[in-house]
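Fold and contact review
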Amino acid sequence: MKANRHNKKNAMRILIIGINIRHIARSASLAGHEVIAVDCYGDRDLARYAKETARMPREGSIEHLSSYVDRFRPDAVVLGPGLEEASVRNAVVLNNPPEKTALVSDKLWLAGWLEEKGFPFIKTQPLDSLDELHYPFLVKPRKGAGGVGCRIVESAYKLQIRPDPKRRIESEQGMQSCPEEDLIAQELIAGLPASVSVIGNGREARAISVNEQLIGVPWAGAKGFRYSGNITPLEAPRCDMEEMAEKIITELGLVGSNGVDFLLTEKGPVVVEVNSRFQGSLDTVELSGGENVFEAHLQSFSGKLPQRPTPARCCAGRIILYAPYDLTVESDLMRDWTADVPAKGSRINADDPILSILATGSCRDDVQSKLKMKAAMICDMLKRAN
């Protein structure tokens, strides 16, 4: 069943393509646009929001991009996770320029830029040229997302016992090589993970939501620093994060939907990274606030920014459920509250995402309780089948 769409006079035919793009397709469809969705998963619920769908191979997805543009001939293209730095010819692209995205997603470059501009930042150095950081510190890929490849190093001895430096890591960005020169070391800072969702037009920016980030949630099967979802709005003190995020997006000259990740520390917010793309918080931002983020994204390319957001209608949460072991999906996991739902028969490796669970409620504790209950239901179904 297709999503109910608003009547839209200026509806566009939009190709949304990336590793996993269900959340973007949903928002675009609910904004009234005709969606062509191409991703690497082919989740069951993607068809709810798209007129046509196609599944592309995970390896070499960039090489296949132009063929899908030629095949579907859209009015515009939106590049999702894994393809944001790709160049597209013969099409209108509703993304930040690939060279700007490549720069902003470089955590080493960003730390230097934040320091130069006077924003609170995390001390960051290349792993192969450490000089000032004290143990313990955090090691992570210089580029990447979702917390994949992040680990705490407590001593020089443990730094030497590292994974294969030529290993390949998988995240929402796809499979990535990660040699040692592409790893960075960051000062280890304690704080509450949070993010600000921002719409920019290249000259100004407007914060539309402040979100709690869920990281490494054990009851969802997430290990280490894996991104586990969001709860919107953030109930903790916001400490002027909206204003700081708007300044950052403005000074970077970013357009469309962007996000700034923070750690809320005892000394105030510290910037972690900037995501010049649609964020994983898209579902909870829309469920909580009621405004369509894709339409705000689209309008920003004409220079328009949304109004200041009104108070949230409710609290909303999304949790990503990770596989505790290799498993096969033997049951129908489609529910009103599930998303990114794999087809029956899908094989999922240990520590890979299974699906997302959504919930709304009156407050954070209410939402978290519902997420936990629903996660337990899905885990029980999978355990019985495997």
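Computed from a predicted structure; not experimentally measured.

**Here we look at the packing of helix α4 (residues 107-117) against helix α6 (residues 241-252)**
Viewed as axis vectors pointing N to C, α4 and α6 meet at an angle of 110 degrees, and their least axial separation amounts to 12 Å. In this view, α4 runs roughly perpendicular relative to α6, as classed from their interaxial angle. Residues W109, W113, L114 and K117 of α4 touch α6, and the partners they reach there are I248, E251 and L252. A breakdown of the residues in the contact of α4 with α6 according to their chemical character gives 5 nonpolar, no polar and 2 charged.

**A look at the pairing of strand β4 (residues 76-79)**
Neither face of β4 is left uncovered, since the one carrying A76 and V78 and the one carrying V77 and L79 both have all their residues buried. The pairing of strand β1 (residues 13-17) with β4 spans 4 bridges and is classified as parallel. Paired with I17 across the bridge in β4 is L79.

**Brief notes about the pattern of salt bridges**
Within the structure shown, the criterion is met by 21 salt bridges. For R277, the salt bridge is made with E84, and the minimal N-O distance between the two is 3.7 Å. Of this pair, R277 sits in the loop between β15 (268-275) and α7 (282-289) while E84 sits in the loop between β4 and α3 (98-104), and the two are 193 residues apart along the sequence. The residue D380 makes a salt bridge to R384 at a minimum N-O spacing of 2.2 Å. With D380 and R384 both in helix α9 (residues 364-385) and 4 residues apart, the pair spans about one turn of that helix. Salt bridges sharing partners connect three or more residues here, namely R22, D45, D283, R318 and D340.

**Things to note about the confidence of the model for the chain**
Of all residues in the chain, 91% attain a pLDDT of 70 or more, and the chain-wide mean is 91. This stretch, residues 1-5, has a pLDDT under 50; its non-local contacts, to residues over four places away or in other chains, come to 17 contacts. Residue range residues 161-178 is modelled with pLDDT below 50. Its contacts to residues more than four positions away, or to other chains, number 49 contacts.

**Section: the packing of aromatic side chains**
Scanning the model with the defined rule gives 4 aromatic pairs in all. For the ring pair W109 and W113, a centre distance of 6.2 Å and an interplane angle of 20 degrees mean the geometry is stacked. Separated by 4 residues within a single helix, W109 and W113 lie in helix α4, roughly one turn from each other. Taking relative accessible area as the criterion, W109 reaches 27% and is therefore assigned partly exposed.

**Some points on the side chain of R22**
When you line up the elements, R22 lands in helix α1 (residues 22-30). Classification of R22 as buried rests on a relative accessible area of 3%. In this structure the side chain of R22 is engaged in a polar contact, spanning 2.8 Å, whose partner is the side chain of D283. Apart from residues no more than four positions distant in its own chain, R22 is found in contact with D45, L46, Y49, D283, A339 and D340.

**Quick look at the packing of α1 against α7**
At a minimum axis separation of 9 Å, α1 and α7 run at an interaxial angle of 35 degrees. Counting all contacts with α1, which are made through R22, H23, I24, R26 and S27, the residues of α7 involved are L282, D283, E286 and L287. Among the residues forming the contact of α1 with α7, the class breakdown is 3 nonpolar, 2 polar and 4 charged.

**Details of the sheet that holds strand β3 (residues 52-55)**
Spatial strand order, β3-β2-β1-β4: 4 strands in an open sheet with parallel pairing. The sheet is open, and its two edges are formed by β3 and β4, each paired on a single side. The average undirected angle you get between the axes of adjacent strands in this sheet is 15 degrees. Relative to the sheet, helix α2 (residues 61-72) contacts β1, β2 (34-39), β3 and β4, its axis offset from that of β1 by approximately 160 degrees.

**Concerning the environment of G149**
Summarising the element assignment, G149 is placed in the loop between β6 (137-141) and β7 (151-153). The exposure class assigned to G149 is partly exposed, which follows from its relative accessible area of 24%. Considered as a pair, G149 and G224 are 75 residues apart in the sequence and their alpha carbons are 9.1 Å apart.

**Quick notes on the sheet that holds strand β12 (residues 205-215)**
Across the sheet, 8 strands lie side by side as β15-β14-β11-β12-β13-β16-β20-β18; this open sheet has antiparallel pairing. Since the sheet does not close on itself, it has two edges, and those belong to β15 and β18 (338-339), each with one partner. As defined by bridge partners, strand β11 (residues 192-201) adjoins strand β14 (residues 255-265) across 10 bridges and the pair is classed as antiparallel. Residue G200 lies in a different strand from β14, and its bridge partner there is G256.

Rules behind the numbers
- Residues numbered from 1 in each chain as written.
- Predicted model: local features only at pLDDT ≥ 70, side-chain atom pairs only at ≥ 80, totals over all residues.
- Heavy atoms only, no water.
- Axes fitted to C-alpha atoms, helices over the stretch in contact; angles between N-to-C directions.
- Helix = DSSP H or I, 4+ residues; strand = E, 2+ residues; numbered from the N terminus.
- Parallel < 35°, antiparallel > 145°, perpendicular 65-115°, else oblique.
- Contact = heavy atoms within 4.5 Å.
- Nonpolar A, V, L, I, M, F, W, Y, C, P; charged D, E, K, R; others polar.
- Buried < 20%, exposed > 50% of the residue type's maximum accessible area, 1.4 Å probe, protein only.
- Pairing = 2+ DSSP bridges.
- Salt bridge = Lys/Arg side-chain N within 4 Å of Asp/Glu carboxyl O.
- pLDDT = per-residue confidence, 0-100.
- Phe/Tyr/Trp six-rings, centres within 6.5 Å; stacked < 30°, edge-to-face > 60°.
- Polar contact = N/O pair within 3.5 Å; in protein donor to acceptor, adjacent residues only side chain to side chain.

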